[in-house]
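# Secondary and tertiary structure notes
Chain by chain, the residues:
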Amino acid sequence: MTAGAPPATTARKMLNKVPEVTLFFWIIKVLATTVGETAADYLSVDLGLGLTATTYVMSALLATVLVVQFRARRYTPSVYWLAVVLLSIVGTLITDNLVDHFGVSLETTTTLFAIALAVTFAAWYASEKTLSIHTIYTTKR
């Protein structure tokens, strides 16, 4: 711990905006992902909004919820999990757009998104020297 940094337990209570990663976290995460996949298809196909309109609407909603999440001072379950579900919906819609409108294969999108995630984690680690959500004690983290 550096000088001036609050004790980890105090900081964790004050700044941690994510839930404890437990078995229940993973169960809820899988369910949220499934809901996201289903919701994207339901809105786009079953409600007839179309892929493009659904993408714009859900992306705007995701951006709004992310602003709320980033401004939150503590973990708020409803905001956190709504962001997770909306991210799943928008991610599905991005992939659907790439595949359906641009002819990009699922193998290619999977590879590109995996590389983008690896680069994101590498940049995060280079900046913070950790990937742990349990060491949040700065605003940047």
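For every chain, the first residue of the written sequence is number 1, and numbering continues from 1 onward in sequence order. In keeping with the predicted nature of the model, local features appear solely for residues at pLDDT of at least 70, side-chain atom pairs appear and are counted solely at 80 or more, and the whole-chain, interface and lining totals rest on all residues. No hydrogens and no water enter the side-chain calculation; it runs on all heavy atoms of the structure.

From N to C terminus, the chain includes 5 helices and 0 strands. Put simply, DSSP marks the helices as runs of H or I at least four residues long and the strands as runs of E at least two long, and each gets a number from the N terminus on. For the chain, the N- to C-terminal ordering of α and β elements is α-α-α-α-α. When the 141 residues of the chain are sorted by exposure, 27% land in the buried category. Any two residues whose heavy atoms approach within 4.5 Å at even a single point are treated as in contact. Across the chain, every contact between residues at least 6 apart in sequence was considered, and the portion connecting residues at least 24 apart equals 64%. With the model as given, the accessible surface of the chain reaches about 9400 Å², and the carbon-plus-sulfur share is 71%. Per-residue accessibility, obtained with a 1.4 Å probe over protein chains only, is compared with the maximum for each type, and a residue is labelled buried under 20%, exposed over 50%, and partly exposed between these values. Residue-level accessible areas treat just the shown protein chains as cover; the underlying method is Shrake-Rupley with a 1.4 Å probe.

Before going further, it helps to spend a moment on the nonpolar core. Within the largest apolar cluster, 19 residues are counted, with the highest numbers of intra-cluster contacts made by Met 58, Trp 81, Leu 86, Ile 89 and Leu 93. If you list the elements that add at least two residues to this core, you get helix H2 (23-46), helix H3 (51-71) and helix H4 (77-102). Sorting elements by how many residues they give to this core places H4 first, with 10 residues. Discounting residues that sit within four places of it in the chain, Trp 81 has contacts with Pro 19, Phe 25, Ile 28, Lys 29, Ala 32 and Tyr 75. Side-chain atoms within 4.5 Å are what join buried Ala, Val, Leu, Ile, Met, Phe, Trp, Tyr and Cys residues into a set we call a nonpolar core.

Next up on the list: H2. To estimate the expected span of a helix, subtract one from its residue number and multiply by 1.5 Å. Taking 1.5 Å per residue, 24 residues should reach 34 Å; H2 reaches 33 Å between its end C-alpha atoms and fits that length. Of all the positions in H2, only Phe 25, Ala 32, Gly 36, Ala 39, Ala 40, Leu 43 and Ser 44 are classed as buried. Summarising the contacts, the buried residues of H2 are in contact with H3 and H4. Positive backbone phi, at 75 degrees, marks Gly 48, one or two positions downstream of H2.

How sure the predictor is of each residue is captured by pLDDT, a score from 0 to 100. Looking at the chain, the pLDDT average stands at 83 and 82% of residues meet or exceed 70. Averaged pLDDT values over the elements of the chain bottom out at 51 in helix H1 (residues 8-15) and peak at 94 in H3. The low-confidence segment residues 1-5 (pLDDT under 50) makes 4 contacts with residues lying over four places distant or belonging to another chain.

When two helices pack together, their arrangement is given by the angle between the helix axes and the distance between those axes. Angles here are taken between N-to-C directions and fall from 0 to 180 degrees, while the axes themselves are lines fitted to C-alpha atoms, restricted in helices to the stretch in contact. Put simply, H2 and H3 touch, their axes get as near as 8 Å, and they point 130 degrees apart. Between H2 and H3, the crossing angle belongs to the class labelled oblique. Crossing of H2 against H3: the hand is right-handed. Two secondary-structure elements touch here, H2 through Ala 40, Leu 43 and Ser 44 and H3 through Leu 51, Thr 54 and Met 58. Only Asp, Glu, Lys and Arg are considered charged, only Ala, Val, Leu, Ile, Met, Phe, Trp, Tyr, Cys and Pro nonpolar, and every remaining residue, Gly among them, polar. Of the residues that constitute the contact of H2 with H3, the class distribution is 4 nonpolar, 2 polar and no charged. Any angle between 65 and 115 degrees counts as roughly perpendicular, while under 35 counts as roughly parallel, over 145 as roughly antiparallel, and the rest as oblique. Each crossing is labelled by how the near helix is turned from the far one, with a counterclockwise turn of less than a right angle marking it left-handed and a clockwise turn marking it right-handed.

The next point concerns the environment of Thr 95. When you line up the elements, Thr 95 lands in helix H4. Overall, the relative accessible area of 18% leaves Thr 95 in the buried class. As for Thr 95 and Phe 113, which are separated by 18 residues in sequence, their C-alpha atoms are 9.7 Å apart. With residues up to four places along the chain from it excluded, the contact list for Thr 95 reads Leu 106, Thr 109 and Phe 113.

Our focus in this paragraph is the packing of aromatic side chains. Two rings belonging to Phe, Tyr or Trp (six-membered ring only in the last case) form a pair when the distance between their centres is within 6.5 Å. Interplanar angles under 30 degrees mark stacking, angles over 60 mark edge-to-face geometry, and anything in between is tilted. Applying the stated criterion across every chain yields a total of 5 aromatic pairs. On the numbers, 4.9 Å between centres and 90 degrees between planes, the contact of Phe 25 with Trp 26 is edge-to-face. For Phe 25, a relative accessible area of 11% gives the class buried. Members of the aromatic cluster, joined through ring pairs, are Phe 25, Trp 26, Tyr 75, Tyr 80 and Trp 81.

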